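Results of the structural survey
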Amino acid sequence: MAPRLQLEKAAWRWAETVRPEEVSQEHIETAYRIWLEPCIRGVCRRNCKGNPNCLVGIGEHIWLGEIDENSFHNIDDPNCERRKKNSFVGLTNLGATCYVNTFLQVWFLNLELRQALYLCPSTCSDYMMGDGIQEEKDYEPQTICEHLQYLFALLQNSNRRYIDPSGFVKALGLDTGQQQDAQEFSKLFMSLLEDTLSKQKNPDVRNIVQQQFCGEYAYVTVCNQCGRESKLLSKFYELELNIQGHKQLTDCISEFLKEEKLEGDNRYFCENCQSKQNATRKIRLLSLPCTLNLQLMRFVFDRQTGHKKKLNTYIGFSEILDMEPYVEHKAEPSKSQTRKPKCGKGTHCSRNAYMLVYRLQTQEKTTTTVQVPAFLQELVDRDNCKFEEWCIEMAEMRKQSVDKGKAKHEEVKELYQRLPAGAEPYEFVSLEWLQKWLDESTPTKPIDNHACLCSHDKLHPDKISIMKRISEYAADIFYSRYGGGPRLTVKALCKECVVERCRVLRLKSQLNEDYKTVNNLLKATVKGSDGFWVGKSSLRSWRQLALEQLDEQDGDVDQSNGKMNGNTLNKDESKEERKEEEEELNFNEDILCPHGELCISENERRLVSKEAWSKLQQYFPKAPEFPSYRECCSQCKILEREGEENEALHKMIANEQKTSLPNLFQDKNRPCLSNWPEETDVLYIVSQFFVEEWRKFVRKPTRCSPVSSVGNSALLCPHGGLMFTFASMTKEDSKLIALIWPSEWQMIQKLFVVDHVIKITRSEVGDGDPSETQYISEPKLCPECREGLLCQQQRDLREYTQATIYVHKVVDNKKVMKDSAPELNVSSSETEEDKEEAKPDGEKDPDFNQSNGGTKRQKITHQNYIAYQKQVIRRSMRHRKVRGEKALLVSANQTLKELKIQIMHAFSVAPFDQNLSIDGKILSDDCATLGTLGVIPESVILLKADEPIADYAAMDDVMQVCMPEEGFKGTGLLGH
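Residues numbered from 1 in each chain as written. Predicted model: local features only at pLDDT ≥ 70, side-chain atom pairs only at ≥ 80, totals over all residues. Heavy atoms only, no water.

Under an unreviewed UniProt entry, the name given to the chain is Ubiquitin carboxyl-terminal hydrolase 48, and the organism recorded is Ursus maritimus. Among the UniProt annotations of the chain, the heading Subunit (unreviewed entry) holds the following wording: "Interacts with TRAF2 and RELA. Interacts with GPS1." According to the UniProt record, the Catalytic activity (unreviewed entry) comment for the chain reads "Thiol-dependent hydrolysis of ester, thioester, amide, peptide and isopeptide bonds formed by the C-terminal Gly of ubiquitin (a 76-residue protein attached to proteins as an intracellular targeting signal)." (UniProt positions renumbered as here; feature names shortened; annotations may be inferred.)

Here it is, written out as structure tokens:
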């Protein structure tokens, strides 16, 4: 099959030689490519989109031939979720809760603990009815013990392969997405459980934690001088063993129990000797619990980074641990016990194990089975019933899917063979719908052909590439079973579109020839009144405009931007460029005035002959027509005269004001409050905005409206008081005001309408000491409004959205100038100081409401002034982004944790490795908002990342990790 572009050209080749009025039905069917041969299955490997007769490769391959019925559904066998015989029940990992699941399984396998928990009283009786459990209400445990009871009962007798511990995790208030210290969790939960069970009356329940997990050892100190032995008894629930530098579990236990020498400054005060003496100190195991928890200290504190690091040291341990040599410290382990095992039967080696649990082997009779209480068993039975119902439902859904698949299989095998139209009556159907009909994963929807219609509600010739021609027999079955429409029969072939395309193609083919003809006609001089006015700009680009117009009419507007070579549109084209493109003038509209008549400027147009205009009209039949005898717009002539008069008036006003206020215009010899001039005791104040707008007018009087009044109300509060202190006008507020000499003020009052007079008067106090000089403003300062303005400014700095802040990454207190990752929400690197802030359409200046008539400006409200203040504040605070910085868009209500995620994308530094600071203040509260942390727009935050630690000789392998600083803060584990 020929390429698509060649196929389209072949379908319309006849249009270059056939007149639009000569288009026949044969030409129409040629345009719709009905003449193409259908593709043969097995020869054509993929669908030919340009051929409406190609029905190969549209998804039929999965239906033709034998099909495994399991392919008709995506439902797993529900029996795979069923617990196998003599196997344990698992627990669902909710994200990062594997440490919780591990201990739940360990505690469940402790039969004595399970039996004791089953004996705990339960509030389940409130949930029970006279004849059993309420059917319409799910059971919700109220206490930690009840959660454990229910979980243990399900782990013991559930029919499910695994159960969901989310209720237990939620009751503890744990974050399922945050990895926690498993050892810390074990300690805290055992403490919580022991405290909870201590309130039980049954001693077997009340003391179960101590009976199962509590052992005893003594800190023994022996004086080297007199041999006196001092003991300090202590209980333990686990032994914390140092693994650094060891390869065997027995080595770790030996180190835990080894003697420590107390010498020098660390000598021991012996009560018998009544003096400090050299001594030895050791731990002596007195009794071991039934369940011995050995915590392998894989996480140690690193002073260099201030975080914990993980030791990936291999530790060997056996399934059976002989603790007899260690109890009462009867003997040290022999050297043969410290050799690394070969990890044979009964021995293991691990570099990740962080806790080992051993059960005491005893000759006494122990609990081998635990009976689930009746009320718990009833809950388990109810859950098992729900599971069985779910299995039946899933099996039925599988069966229904298989039945539907088999029926669809038969339908496709029957209809696909009848799809090709051949010489019989035919219809067009959307290719997309046919593909969805053959897609087994989605239900078939009604046929929708609306997207393929032209403006005449018939089949668009350009849409033929996404349509398929099928037999009328197959179409009748499709519409009867699935509905939809409209049906596109042979009558749906649009003659109007084909004729228009024919006309356009003929014009495109003769465009080059007509271009030469028009150029030759333009060389001739037009005589008499037979000519027509044409815009010079239109004449220069008429060929390009014609090609654009023909491309649009040809249906190629989506593929071309209207330029000569049909360049494709850039997806990132700015809105401004698109707006300009939309506002481009059509042919000969460049000589239209705003009133729709012929413009008055003859420099923008020229006369062309009647023959040249006739040629141009073939391409632009809707272009405005102006014969040579047409008069110019009378309204424009009047406005032109008025405009010339206004320009002359503006120039005269500007020249007069510039001559009257030369120093103010040139910004020379200006007074300063911080260095008060000696020649005057009075200075006047106007808005700096007034001065800037006035200077613009004087520089370009023909482009700007005259400034007729001084709007000092913007500098005053609603009560008429001044909004600035003398100190602020010498510093931050100096950008908002302009100081005026008394002589200049007299001239300003003559030239402009002044709404409010504002002045500062200097007065000497005492003997003329400059330190005692007073400065009095008229009107006086309004303290309340001044305070309100300052508070509003502070709120604006704390209540912002989509503001820019900057992040510097530092290493060894040096800023990194090298980009490490793509930026996230990075603002433009172009400095905003170099850009003039554009005002939204229709926005009025806060100080002045200009008008061409020179009328007085409206009075400015206090809210206008605050808005003006905000603009100046933003401008003065703007931070110049330097190379290597990352600029992020943030909001005041965003948390520090959310900011760390942005920084992670920008710098490839994980949140737990980020140390952030601003102005020397450490940012550590992840739950706090940026506003409360003092992060304001244009702030610069320093980022110092924790780097991996180098290998130490005493360690096998060290991997840097950051443990959660908050730990289990805020969870139910600390509630007791």
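In this section: the sheet that holds strand β7 (residues 239-242). A sheet is described by the order of its strands in space; here three strands give the open sequence β7-β12-β17, paired in mixed fashion. At either margin of the open sheet sits one strand with a lone partner, and together these are β7 and β17 (355-359). Neighbouring strand axes in the sheet, compared pairwise and without regard to direction, differ in orientation by 25° on average. Note that strand β12 (residues 291-297) and β17 share five bridges and pair antiparallel. Each residue of the ladder has a partner; that of L294, found in β17, is L356. Packed on one face of the sheet, helix α8 (residues 182-197) meets β7, β12 and β17 and runs near 145° to β12. (Pairing = 2+ DSSP bridges. Helix = DSSP H or I, 4+ residues; strand = E, 2+ residues; numbered from the N terminus. Axes fitted to C-alpha atoms, helices over the stretch in contact; angles between N-to-C directions. Contact = heavy atoms within 4.5 Å.)

In contact at an axis separation of 10 Å, helix α15 (residues 495-523) and helix α18 (residues 610-619) are set at 155° when each is read in the N-to-C sense. Taken together, the axes of α15 and α18 lie roughly antiparallel to each other. α15 and α18 meet at a crossing whose hand is left-handed. Residues R503, L507, Q510, L511, D514, T517, V518 and L521 of α15 pack against E611, A612, K615, L616, Q618 and Y619 of α18. (Parallel < 35°, antiparallel > 145°, perpendicular 65-115°, else oblique. Left-handed = near helix turned anticlockwise from the far one by under 90°.)

The next subject is the pairing of strand β26 (residues 737-740). Of the two faces of β26, both are covered, the one formed by I737 and L739 as well as the one formed by A738 and I740. Note: strand β24 (residues 682-687) against β26, four bridges, orientation antiparallel. When the sheet's bridge partners are listed, V686 is paired in β26 with A738. (Buried < 20%, exposed > 50% of the residue type's maximum accessible area, 1.4 Å probe, protein only.)

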